Amino acid sequence: MNWAQAGFMVLGTKVLWTDLVGNVAALATVLLAMRKSLWTWPVQLTASVLLLAASISASLTGNALKQVMFGALAVYGWWRWSRGTRDGQELPVRPATGHERLVLATVMIAGTAVVAVFFFLTGLSWGAHAPLPKGYFLVAADAYIFVGSAVATWAQGRALVDFWIIWVAVDLVGVPLAFSSGLVVSGTVYGLFFVLVLIGFVNWLKEYRSRTVLVPEEAV
């Protein structure tokens, strides 16, 4: 047994160390993002590497690809936030514009359809091997989480308040899928994500609104 498959038993269920530590790191990224800390991104990159190993061990190829995508977007977000906080400036957050929301929604819908077909034809999603019609729903859910995670992380890199809401939509599917895949830790952490994401959304929105009120007063 290699390090990626190492774990321990809890109530008859094996918990992988990579799944546990990776999800703790992923949970930390949410807390860091709430504080707009630049450490959000290196910690997310670490979580991606560990969860990639856990996903490969669980034969979740689609989820493994998602972790590769997370790693790449972590580098992008790290670069964007570094620019936004240059010279000690505080990261400016804002809601997405109407055009940006249209683009995000279009990418979510079209991207999910395209990735679902790709996952099904290539068998990269574990749902592609499940009996039909259940397999169709599993592949669609896998594709939705993959695309939604990419869109949310990209929006986070651009400091858009809306990224929190996208994560809510992703978690609504991700929680039951993780439990059904046997990744108990992931399912539990996704449930915690759901609560923290709602708090993060409220905090970022309050900060944006307070800044828009203070700027005119400071100008006067």
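Each value, and the rule that gives it
- Residues numbered from 1 in each chain as written.
- Predicted model: local features only at pLDDT ≥ 70, side-chain atom pairs only at ≥ 80, totals over all residues.
- Heavy atoms only, no water.
- Helix = DSSP H or I, 4+ residues; strand = E, 2+ residues; numbered from the N terminus.
- Expected span 1.5 Å × (residues − 1).
- Buried < 20%, exposed > 50% of the residue type's maximum accessible area, 1.4 Å probe, protein only.
- Core = buried A, V, L, I, M, F, W, Y, C linked by side-chain atoms within 4.5 Å.
- Salt bridge = Lys/Arg side-chain N within 4 Å of Asp/Glu carboxyl O.
- Axes fitted to C-alpha atoms, helices over the stretch in contact; angles between N-to-C directions.
- Parallel < 35°, antiparallel > 145°, perpendicular 65-115°, else oblique.
- Left-handed = near helix turned anticlockwise from the far one by under 90°.
- Contact = heavy atoms within 4.5 Å.
- pLDDT = per-residue confidence, 0-100.

**What about helix 4 (residues 98-122)?**
- With 25 residues, helix 4 ought to run about 36 Å at 1.5 Å a step, and its terminal C-alpha atoms sit 36 Å apart, in line with that.
- The complete set of buried residues in helix 4 reads E100, L104, M108, G111, T112, V115, A116 and F119.
- Immediately downstream of helix 4, the backbone of G123 shows phi near 75 degrees, a positive value.

**Focus: the nonpolar core**
- Residues W164, I166, W167, F193 and W204 are the most contacted members of the largest nonpolar core, which totals 54 residues.
- If you list the elements that add at least two residues to this core, you get helix 1 (17-34), helix 2 (40-57), helix 3 (61-84), helix 4, helix 5 (134-157), helix 6 (163-180) and helix 7 (184-219).
- The dominant element in this core, judged by the number of residues it contributes, is helix 5, at 10 residues.

**Structural notes on the pattern of salt bridges**
- Across all of its chains, the model carries 3 salt bridges by this definition.
- Close ionic contact of K36 with E207 constitutes a salt bridge, the shortest N to O distance being 2.1 Å. Here K36, found in the loop between helix 1 and helix 2, pairs with E207, found in helix 7; they are 171 residues apart in sequence, far enough to count as distant.
- When its relative accessible area of 11% is taken as the criterion, K36 is described as buried.
- The closest approach of N and O atoms between R101 and D162, which form a salt bridge, is 2.7 Å. Of the two residues, R101 is situated in helix 4 and D162 in the loop between helix 5 and helix 6; the sequence distance between them amounts to 61 residues.

**Description of the packing of helix 1 against helix 2**
- The N-to-C vectors of helix 1 and helix 2 enclose an angle of 155 degrees; their axes lie 8 Å apart at closest approach. When the interaxial angle is binned, helix 1 and helix 2 end up roughly antiparallel. Helix-helix and strand crossings are classified by hand; for helix 1 and helix 2 the assignment is left-handed. Of the residues in helix 2, those in contact with T18, D19, V21, G22, N23, A25, A26, A28, T29, L32 and A33 of helix 1 are T40, V43, Q44, A47, L50, L51, A53 and A54.

**Things to note about the side chain of Q156**
- The topology assignment puts Q156 in helix 5.
- With sequence-adjacent residues up to four places away left out, Q156 is seen in contact with A33, T40, W41, Q44, W81, F163 and W167.

**As for unusual backbone geometry**
- One non-glycine residue, K36, lies in the positive phi region at around 60 degrees.
- In this model, A159 sits at a positive phi of 60 degrees, which is unusual for a non-glycine residue.
- Locating A159 in the fold gives a position in the loop between helix 5 and helix 6.

**Some details on helix 5**
- The end-to-end C-alpha distance of helix 5 is 35 Å, a good match for the 34 Å that 24 residues give at a rise of 1.5 Å each.
- In terms of burial, helix 5 is largely enclosed, as 17 of its 24 residues are buried.
- Taken from the residues just after helix 5, A159 is the one with a positive phi, measuring 60 degrees.

**Focus: the confidence of the model for the chain**
- With 86% of its residues at a pLDDT of 70 or more, the chain has an overall mean of 83.
- Considering each helix and strand of the chain separately, the mean pLDDT is smallest for strand 1 (residues 7-10), with a value of 62, and largest for helix 4, with 94.
- Counting contacts from residues 216-220, a segment whose pLDDT is below 50, to residues more than four positions away or on other chains yields 0 contacts.

**Here's the deal with the environment of P92**
- As for its placement among the helices and strands, P92 is situated in the loop between helix 3 and helix 4.
- When its relative accessible area of 44% is taken as the criterion, P92 is described as partly exposed.
- On a C-alpha basis, the gap between P92 and R158 in space is 9.5 Å, while along the polypeptide they are 66 residues apart.
- Setting aside its immediate chain neighbours within four residues, P92 contacts G84, A159 and R211.

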